[in-house]
Amino acid sequence: MRKLCLSILFLTLNACSWFPAQQEEPYQLIQTWGGFGDAPGQFNEPFGIVVYQNSVYVADSRNSRIQQFDFNGKFIRAIGPPEIKKSQLDRPMNMTIRNDKLYVADFWNDRVQIFSSAGSFIKSVGGPGDEPGKFNGPSGVAVDSNGNVYVADFNNQRIQYFNANGKTLGQLGETGEVGISSDKFNYPTDIAIDKNKLIYVTDGYNDRIKVIDNTGNVINKWGGPLAINLSGGFNGWFRVPSSIVIANSGEIFVADSFNNRIQKFTSNGKFLTSFGLSTKGPRHTTVGVAVANDGSVFVTDHAHHQVQKWVPHDRQ
């Protein structure tokens, strides 16, 4: 009987951690903008998104450009359009901005492109390949407080990092090796770096978040039971997380793309809430996520070729 009671207690405790309850009310959708097309303000499968000062930058992926808007969706400018050959983009993915520079993971061009926040081309880093400093489908990028650049090298199954001058410093993961162990990835999609230089990686096809310190040690991971690649739609679980951002508060927002929702967590992975739009068909409504200083959350909606703006429930 004692063993049975202990077994029941063990399963109950694990159930609480594996199926966590919602701690906050879901956010409320207050605005969308866009629609299918290639005119200013329209999109074709938008992906990455980032907020900087009073602007929202959107990777208009299939239109091979970045579009800049104000917080109400008013178009400001296009960045890197195809007619500008030296900065030509080809399926831009996740992005980040640091020190007035916009870093874009340029998937089909196998490079990271760098622009000023006003849209001027600065330089590109990388090129096709699997040797150090080269990429095979970069999908996410982050910059730490020292100016070091971290890139999710999607098809090479690794994170590469560089100094501010583009010199290769090293990598996390084994080149070309898929796995669920601490030193391997399964198509990493995006990166975020917090104030303590902890590296948060959306380990896409492992359906989890992995947290790594600046010496390369994995210090936390979450997503389903023990983060061992069990995908699902329960609270705190993932089905191909595609984008991650850290709010100024330290809270983590993840685009859980195949579940068509944004999930919000504490910095140590405690589930807080989720929100999103449902859809039918192969495209998804939550592929990129960005958070403004006022708490507004901007989401790229791949399925409807639009941007969504969400706010906490008490701000509606």
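Scoring rules and cut-offs
Residues numbered from 1 in each chain as written. Predicted model: local features only at pLDDT ≥ 70, side-chain atom pairs only at ≥ 80, totals over all residues. Heavy atoms only, no water. Helix = DSSP H or I, 4+ residues; strand = E, 2+ residues; numbered from the N terminus. Rg over C-alpha atoms; globule rule 2.2 N^0.38 Å. Buried < 20%, exposed > 50% of the residue type's maximum accessible area, 1.4 Å probe, protein only. Contact = heavy atoms within 4.5 Å. Areas by Shrake-Rupley, 256 points an atom, 1.4 Å probe, with all protein chains shown as cover. Pairing = 2+ DSSP bridges. Axes fitted to C-alpha atoms, helices over the stretch in contact; angles between N-to-C directions. Phe/Tyr/Trp six-rings, centres within 6.5 Å; stacked < 30°, edge-to-face > 60°. pLDDT = per-residue confidence, 0-100. Salt bridge = Lys/Arg side-chain N within 4 Å of Asp/Glu carboxyl O.

What follows concerns the overall build of the protein. Check the secondary structure of the protein and you find 1 helix and 24 strands. Its C-alpha atoms give the protein a radius of gyration of 19 Å, within 12% of the compact-globule value 20 Å for 316 residues. On the principal axes, the C-alpha backbone points of the protein span a range of 75 × 45 × 35 Å. Taking all 316 residues of the protein together, the buried fraction comes to 55%. Partitioning the intrachain contacts of the protein with sequence separation of at least 6 by distance along the chain shows that 46% fall at a separation of at least 24. Roughly 13700 Å² of accessible area belongs to the protein as shown, and the carbon and sulfur atoms make up 49% of that amount.

The strand order β14-β15-β16-β17 describes an open sheet built from 4 strands, whose pairing is antiparallel. In this open sheet, the two strands that pair with only one neighbour each are β14 (188-193) and β17 (218-222). Strand-to-strand, the axes of this sheet are offset by a mean angle of 20°, without reference to chain direction. The pairing of β14 with strand β15 (residues 199-203) spans 5 bridges and is antiparallel. In the sheet register, D190 faces β15, and the bridge partner there is T202.

Attention now goes to unusual backbone geometry. With the exception of glycine, most residues fall at negative phi, and the peptide bonds are largely trans. At Q53, a residue that is not glycine, the phi angle is positive and equals roughly 55°. Classification of Q53 by relative accessible area gives exposed; the value is 60%. A positive phi angle, close to 55°, is found at N260, a residue other than glycine. Note on placement: N260 falls in the loop between β19 (252-256) and β20 (261-265).

Our focus in this paragraph is the pairing of strand β3 (residues 55-60). Summarising burial for β3: 6 of the 6 residues are buried, a large majority. Neither face of β3 is left uncovered, since the one carrying S55, Y57 and A59 and the one carrying V56, V58 and D60 both have all their residues buried. Here strand β2 (residues 49-52) hands over to β3 after 2 residues, with Q53 in that stretch at a positive phi of 55°. Across 6 bridges, β3 lies against strand β4 (residues 65-70) in antiparallel orientation.

Once that is clear, we can look at the sheet that holds β19. With respect to topology, 4 strands assemble into an open sheet ordered β18-β19-β20-β21, the strand pairing being antiparallel. Unpaired on one side and paired on the other, β18 (241-246) and β21 (271-275) mark the two borders of the sheet. Strand-to-strand twist of the sheet, defined as the mean angle between neighbouring strand axes without regard to direction, takes the value 20°. Judged from the 5 bridges that link them, β19 and β20 form a sheet pairing that is antiparallel. Counted as the bridge partner of V254 is Q263 from β20.

What follows deals with the pairing of strand β9 (residues 121-126). Bridge count between strand β8 (residues 111-116) and β9: 5 bridges; the pairing is antiparallel. Paired with Q113 across the two strands is S124, which belongs to β9.

All right, on to the packing of aromatic side chains then. Inspection of every chain in the model, using the stated rule, returns 23 aromatic pairs. For the pair F69 and F75, a centre-to-centre distance of 6.0 Å together with 75° between the ring planes defines the contact as edge-to-face. Since its relative accessible area comes to 0%, F69 is described here as buried. Between Y200 and W222, the aromatic rings sit 6.4 Å apart at their centres with planes inclined by 70°, giving edge-to-face as the arrangement. One end of the pair, Y200, is in strand β15; the other, W222, is in strand β17, and 22 residues separate them in sequence.

Relative to the assigned elements, N136 resides in the loop between β9 and β10 (138-143). By relative accessible area, N136 is classed as partly exposed at 33%. Separated by 10 residues in sequence, N136 and G126 place their C-alpha atoms 9.6 Å apart. Here N136 is in contact with D110, G129, D153, F154, N155 and N156, once residues within four sequence places are set aside.

Looking now at the confidence of the model for the protein. Mean pLDDT over the protein stands at 93; residues scoring 70 or higher make up 92%. Contacts from residues 4-13, a stretch scored under 50 in pLDDT, to residues over four places away or in other chains number 0 contacts.

What follows covers the pattern of salt bridges. As enumerated under the stated definition, the model contains 9 salt bridges in all. Here D60 makes a salt bridge to R65, at a shortest N to O gap of 2.7 Å. In this structure, E251 and K264 form a salt bridge, with 3.4 Å as the shortest nitrogen-oxygen distance. Of the two residues, E251 is situated in the loop between β18 and β19 and K264 in strand β20; the sequence distance between them amounts to 13 residues. In this structure E251 comes out as partly exposed when scored by relative accessible area, which is 22%. Residue K264 is classed as buried on the basis of its relative accessible area, which comes to 5%. Taken together, the shared-partner salt bridges connect E24, E251 and K264 into one network.

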